[in-house]
Amino acid sequence: MTSVDEARELLREFPVVDGHNDLPWALRAQVNYDLDARDIAADQNAHLHTDLPRLRAGGVGAQYWSVFVPSDRPGAVPATLEQIDCVRRLIERYPADLAPALTAADMEAARQGGRIASLMGAEGGHSIANSLGTLRGLYALGVRYMTLTHNDNNDWADSATDQPNVGGLSAFGHEVVREMNRLGMLVDLSHVAATTMRDALDTSTAPVIFSHSSSRAVCDHPRNIPDDVLERLPANGGMAMVTFVPKFVLQAAVDWTAAADANLRAHGFHHLDTTAEAMKVHRAFEEGNPRPVATVSTVADHLDHMREVAGIDHLGIGGDYDGTAFTPDGLDDVSGYPNLLAELLDRGWSRPDLAKLTWQNAVRVLGAAEDVARDLQATGTPSNATIESLDGTGA
């Protein structure tokens, strides 16, 4: 039996819980939520990283679908509701394959029934518009984690890829974390500044997650997790779900991206400009400077290091499929997870270790957050705090 065969066999018993997939936004961007135009029951390889046949081939047993809205977009709350609507429509459209899941018990029931547990995560605290009532509304609609920021700061939390503003979490930001604990919504620390990570760990009484982040010691990108934060996960009970995005996991890709962005700026374009003129400049740069390619081994290097620092009980997988233009060789789409497990088997990871990585840790963490919420709800009431009352500012 090859390592890939062994990986597939393991995944039949302990499938992957993936922490982050941007299919809903891809469906919005490509076809304005026309699910007939992108029927994921069929192979959508020409358009998407994700469809049902490849989820099955990849051994995915649970997926946190990102209900993402860009942080610079006006009207984040209604747009987030549209994303939630998309996920719910997908679950209703494919009931033989996708099972709605709100709890750890729902995840286990879906696994026993041979369906893919479908959960939701909101990517960015801007999606609550500084309102704890809106946070509670998202939870009521099924959102089970919220990433505290996306690429930009919000009024109460600093992002990893923006200039420091409040120094981590503001007083209202700490209250957001406490209310998430009371609800049973996981606090997601991907995308946030290291200061925000530390502040959230100081405040949260429930396990936190990183839905799609890798190791900063292995690849020095601000989207990754410093070792001192990884070292705190055992005491917190949380988990870090390694991502596959090449510019976050391969140092050569980080450096290449910085050079490509600088080249665009030198020619008078914003580094995110995708107009025809900007792309002509970018393609000329890429022809002379080939893009570095990440591999399965690149991702495994992160997991090896993260296991040394945080321990096997605190790791998971969050590929960020359909949220990135480029993927590693061997992890081209959602069918690739067996290749990663095969690499880890070849590196000496045991079957019990891999079962924790793929399934058990993620189910445990959600269940633990539910336990904390049950205790908090027995002794406390919903917070009426506002950003004005705690921070003296905000919209």
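Here, the structure is the one placed above.
Since the structure is predicted, the reported quantities are computational estimates derived from the model, not experimental observations. (Residues numbered from 1 in each chain as written. Predicted model: local features only at pLDDT ≥ 70, side-chain atom pairs only at ≥ 80, totals over all residues. Heavy atoms only, no water.)

(A) Spotlight on the packing of helix α1 (residues 3-13) against helix α16 (residues 351-379). Closest axis-to-axis distance for the α1/α16 pair is 10 Å, and the angle between their directions is 55°. In terms of orientation, α1 and α16 fall into the oblique class. Once α1 is placed against α16, the crossing between them reads as right-handed. The residues of α16 that touch α1, namely those facing E6, E9, L10, L11 and E13, are R351, L354, A355 and T358. (Axes fitted to C-alpha atoms, helices over the stretch in contact; angles between N-to-C directions. Helix = DSSP H or I, 4+ residues; strand = E, 2+ residues; numbered from the N terminus. Parallel < 35°, antiparallel > 145°, perpendicular 65-115°, else oblique. Left-handed = near helix turned anticlockwise from the far one by under 90°. Contact = heavy atoms within 4.5 Å.)

(B) Layout of helix α6 (residues 132-140). By the burial criterion, the buried members of α6 are L132, L135, L138 and Y139. Along the long axis of α6, the arc covered by the buried residues comes to 110°, so they all point the same way. Measuring from the backbone nitrogen of G133 back to the side-chain oxygen at the start of α6 gives 3.4 Å, which picks out S131 as the cap. A positive phi of about 115° marks G142, the residue just after α6. (Buried < 20%, exposed > 50% of the residue type's maximum accessible area, 1.4 Å probe, protein only. Arc of directions from axis to C-beta. Polar contact = N/O pair within 3.5 Å; in protein donor to acceptor, adjacent residues only side chain to side chain.)

(C) Examining the packing of aromatic side chains more closely. Under the defined criterion, the tally for this structure stands at 7 aromatic pairs. Aromatic side chains Y321 and Y337 sit 6.0 Å apart centroid to centroid with 90° between the ring planes, which places their arrangement in the edge-to-face category. Taken together, the positions of Y321 in the loop between β9 (315-317) and α15 (337-346) and Y337 in helix α15 put the pair 16 residues apart, joining distant regions of the chain. Linked through ring pairs, F244, Y321 and Y337 together constitute an aromatic cluster. Residue placement shows R291 over the ring face of F326; its charged tip is 3.6 Å from the ring centre. (Phe/Tyr/Trp six-rings, centres within 6.5 Å; stacked < 30°, edge-to-face > 60°. Lys NZ or Arg CZ within 6 Å of the ring centre and 35° of its normal.)

(D) View of unusual backbone geometry. We note that N130 has phi near 60°; this positive angle belongs to a residue other than glycine. Summarising the element assignment, N130 is placed in the loop between β4 (116-123) and α6.

(E) Quick look at the side chain of N153. Summarising the element assignment, N153 is placed in the loop between β5 (143-147) and α7 (171-183). Leave out the neighbours within four places in its chain, and N153 touches D158, S159, D162, Q163, P164 and N165.

(F) Structural detail: the layout of surface pockets. Each pocket or cavity is described by its volume, and for the largest pocket that value is around 1900 Å³. Every residue lining the largest pocket is counted, 49 residues in all, and those nearest its centre are N151, K247, H271, L272 and G323. For the lining of the largest pocket, the elements supplying multiple residues, two or more each, are α2 (23-31), α11 (246-249), α12 (251-266) and α13 (276-288). Here the lining of the largest pocket gets 8 residues from one element, more than from any other, and that element is α12. For the lining of the largest pocket, the class distribution of residues is 22 nonpolar, 15 polar and 12 charged. (1 Å grid on protein atoms, 1.4 Å probe; cavity = no way out; pocket = protein on both sides within 12 Å on 5 of 7 lines; lining within 4 Å. Points joined across faces, edges and corners; volume = space filled by probe spheres on them. Nonpolar A, V, L, I, M, F, W, Y, C, P; charged D, E, K, R; others polar.)

(G) The packing of helix α5 (residues 104-112) against α16, seen in detail. Following both chains from N to C, one finds α5 and α16 inclined at 145°, their axes separated by 8 Å at the closest point. Residues A104, M107, E108 and R111 of α5 lie in contact with α16, whose contacting residues are W359, V363, L366, G367 and E370. Here the residues of the contact of α5 with α16 sort into 5 nonpolar, 1 polar and 3 charged.

(H) Here's a closer look at the pattern of salt bridges. Enumeration over the complete set of coordinates arrives at 20 salt bridges. Close ionic contact of R198 with D228 constitutes a salt bridge, the shortest N to O distance being 2.9 Å. With R198 in helix α8 (residues 194-203) and D228 in helix α9 (residues 227-230), the pair connects residues that are 30 residues apart, well separated along the chain. Taking the relative accessible area as the measure of exposure, R198 reaches 30% and is therefore partly exposed. R232 is paired through a salt bridge with D202; the nearest N and O atoms lie 2.7 Å apart. Here R232 is found in the loop between α9 and α10 (233-236), whereas its partner D202 is found in helix α8, with 30 residues between them in sequence. With relative accessibility at 28%, the residue R232 sits in the partly exposed group. (Salt bridge = Lys/Arg side-chain N within 4 Å of Asp/Glu carboxyl O.)

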